[in-house]
Each structure stands twice: as C-alpha cells, then as structure tokens.
Amino acid sequence: ARALGSKRFYQWDRERFWSVTTIISGGVPKPAIAPWTGKMVAEGAVTAFEKGSLALLVEQDRDAAVEFLKKLPYTQTNRAADIGTRVHEAIEALVKGTPAPPLAEDEKPRMAHFEQFLADYRPKFIASEMSVYNRRHGYAGTLDGIALFGDRALMVDVKTGKGVYPEVGLQLSAYRNAEFIGMPDGTEEPMIETVGGVVLHLTDDGYRLLEVNTGDEVFAAFIYAREVQRWMNETSKRVIGESLPIPEQVTA
C-alpha cells in the first residue's frame, strides 16, 4: 500500500485501489469521536494544569500550548496503533515460523493470550497478512489471516484495542468478497473461499473469539460506505463548476 496524502491506497500494476480501512473511515459516521476527542483534551488539560506545566507553557508560547492540547487525542491513538502493529508482526512471525520481533513489556500479555487461543482452538492457518483486491468496486486490503476451524474456513481479524466495533463486519465482508490475491511475484491468484469471519480480541486480561456477520447485507453496507467515501474524496470535487459568463447585452 502506498500513501496518498492523508489517505491510503493500494497500487497493483498500473491500477489504484482505495484501501478497505480508508473506505470505512471515510464512509461510516462516527458520532462518538467528537465527544471522545473533547474528553481527551479536557483530561489532558486538567492533568497538565495540576502539574503546573500548562500555565507555564501558555505564558511561554500560547500557540505551542494550543498545539499540545490539539495533539493529545492523536498521541493516545498513535500509541494504541503502535501496540497493534507490533503485536500483529509478532503474530505473523509465529504463524509463519519466522523470528519474532521484540515486544515491549505492555505488549507481551496480548501475545501470550494469542498463544492461549492457539492452544484452545487449534486453528490451522492457511493464509496470513495477504493483500486482496476487488476490481469491480475498486478496493483492496490486507487481511490478518484465514484459518481452518475444523472444516470451516474463516476469515480472522485480530484486534488489540479496548473494544470490538461493528465496522469489523464491513472490513471482513470486504475481504471475503475480494476477487483475487496479489502475490509477491506480481501474479494473481483466485480468492480463497471462506464461510464466515471471526474477530480475535486480545487485551491485557485475556482474549475473546467472536463470530462476525459478513453476509450479503453487511457487504452491501460496505459498498454504500464506498460510495459515501467516493463522494467525499472524488465526486464532490467535480460538482461545482466555473462561474457562468455574463451574457452580452443585445442592443436594439
């Protein structure tokens, strides 16, 4: 995947595909974000005030104080994303039998719970960290894994945050409906058939394996989100045209 400004897309040969996560971020309303952001800024401001650092920062550089407060929500989000990235890398290494990257102390419990999941359910992974594409709808993404649970082939998504949200159904349904796998050598392979999806939620305290609805209704909702995202980032920019010229006055 390559970056396109603040968005993300996948480049395959000469084709460009919007990423599944970008589509969901841009096409699904998130009413809880604004209150959460306000809470993070408020808590950070109060903490800094109690420590005496906020007043000092305001006195020294008011603009810097404003920037400090604005970045507080992103600081926490980036930390959570870093944890998720390293845990995913460690899981991929374990599944593929390659050397695992080092983990910080606060990341090790999640990996231990993943190993417990392996012992409890004994899944057989047949794919891991695989990029999949859908030409018809112009999207692509990298799935965490596909595993056999008995004779059931299921899409597996690993989450390491505080909660599991319904958008994971959109994500997994998009992966399940991909048209082909982009192989490292540049060839295309048919998408692996799955009968459903599950999310593995890893926390400090344990894990949950939750079945996820990835059926036709959910995939249709993903396509609607794709169109909203297309409107926000593509179509809306072509709606307003140039000013009409004032017609010439016709004299009698």
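For the structure itself, consult the block above.
Residues numbered from 1 in each chain as written. Predicted model: local features only at pLDDT ≥ 70, side-chain atom pairs only at ≥ 80, totals over all residues. Heavy atoms only, no water.

Q: Explain the overall build of the protein chain to me, using residue names and the numbers behind them.
A: Helices and strands together make up the secondary structure of the protein chain, namely seven helices and ten strands. Across the 252 residues in the protein chain, those meeting the buried criterion constitute 37%. Excluding contacts between residues fewer than 6 apart, the proportion of contacts in the protein chain whose partners are at least 24 apart in sequence is 60%. When the accessible surface of the protein chain is totalled, it reaches about 15,600 Å², and 55% of it is carbon and sulfur. (Helix = DSSP H or I, 4+ residues; strand = E, 2+ residues; numbered from the N terminus. Buried < 20%, exposed > 50% of the residue type's maximum accessible area, 1.4 Å probe, protein only. Contact = heavy atoms within 4.5 Å. Areas by Shrake-Rupley, 256 points an atom, 1.4 Å probe, with all protein chains shown as cover.)

Q: An account of the pattern of salt bridges is needed here, citing residue identities and associated values.
A: Pairing between side chains of opposite charge can happen when the charged atoms of each approach one another. Applying the stated rule across the entire model yields ten salt bridges. In this structure, Glu105 engages Lys108 in a salt bridge whose closest nitrogen and oxygen atoms are separated by 2.8 Å. Residue classification places Glu105 among the exposed positions, given a relative accessible area of 60%. On the accessibility criterion, Lys108 (40% relative accessible area) is partly exposed. The salt bridge involving Arg230 is made with Glu234; its shortest N-O contact spans 3.9 Å. Among the charged side chains, a salt-bridge network with shared partners connects Glu15, Arg135 and Glu188. (Salt bridge = Lys/Arg side-chain N within 4 Å of Asp/Glu carboxyl O.)

Q: Can you explain the side chain of Ser19? Please cite residues and give values.
A: The residue Ser19 is located in strand β3 (residues 15-19) in this model. Residue classification places Ser19 among the buried residues on the basis of a relative accessible area of 2%. Among all residues touching Ser19, those that are not within four sequence positions of it are Arg8, Phe9, Tyr10 and Ala140.

Q: Any details on the pairing of strand β5 (residues 139-149)? Residues and values, ideally.
A: Of all eleven residues making up β5, nine are buried, and the element is well covered by its neighbours. With two bridges joining them, β3 and β5 adopt parallel strand pairing. Note on β5: the bridge partner recorded for Ser19 is Ala140. As defined by bridge partners, strand β4 (residues 124-134) adjoins β5 across nine bridges and the pair is classed as antiparallel. Its bridge partner lying in β5, Phe125 is registered against Ala147. What sits between β4 and β5 in their antiparallel hairpin is a turn of four residues, with Gly138 showing a positive phi close to 70 degrees. (Pairing = 2+ DSSP bridges.)

Q: A description of a nonpolar patch on the surface should follow, citing residues and the corresponding values.
A: A cluster of nonpolar side chains, namely Val228, Trp231, Met232, Val239 and Ile240, defines an oily patch on the protein surface of about 520 Å² accessible area. By the secondary structure assignment, Val228 is in helix α7 (residues 216-233). Residue classification places Val228 among the partly exposed positions, given a relative accessible area of 38%. (Patch = residues over 30% accessible without salt bridge, like charges linked within 9 Å, V, L, I, M, F, W, Y side chains within 5 Å.)

Q: Mind laying out the side chain of Thr194, listing which residues take part and the relevant values?
A: With respect to the helices, strands and loops of the structure, Thr194 is situated in the loop between β8 (188-190) and β9 (196-202). Classification of Thr194 as buried rests on a relative accessible area of 8%. Contact partners of Thr194, with chain neighbours within four places excluded, come to Ile146, Ala153, Leu154, Met155 and Arg176.

Q: Which residues make up the environment of Glu105, and what values do they have?
A: Examined against the element boundaries, Glu105 turns out to sit in the loop between α4 (62-96) and α5 (108-121). Here the side chain of Glu105 touches Lys108 through a polar contact of 2.8 Å, side chain to side chain. (Polar contact = N/O pair within 3.5 Å; in protein donor to acceptor, adjacent residues only side chain to side chain.)

Q: So what's going on with the environment of Arg86? Residues and values would help.
A: As for its position among the elements, Arg86 is in helix α4. At a separation of 2.6 Å, a polar atom in the side chain of Arg86 contacts the side chain of Glu107.

Q: Lay out the nonpolar core in plain terms, naming residues and giving numbers.
A: Formed by 27 residues in total, the largest nonpolar core has its most connected members in Val132, Leu143, Met191 and Phe222. Elements with a contribution of two residues or more to this core: α1 (20-27), β4, β5, α6 (167-176) and α7. In contact with Val132, not counting residues within four places along its chain, are Tyr139, Ala140, Gly141, Leu143, Tyr175, Ala178, Phe180, Ile181 and Met191. Core analysis: the next-biggest nonpolar cluster, separate from the first, contains 16 residues, Val87, Phe149, Val156 and Leu200 among them. (Core = buried A, V, L, I, M, F, W, Y, C linked by side-chain atoms within 4.5 Å.)

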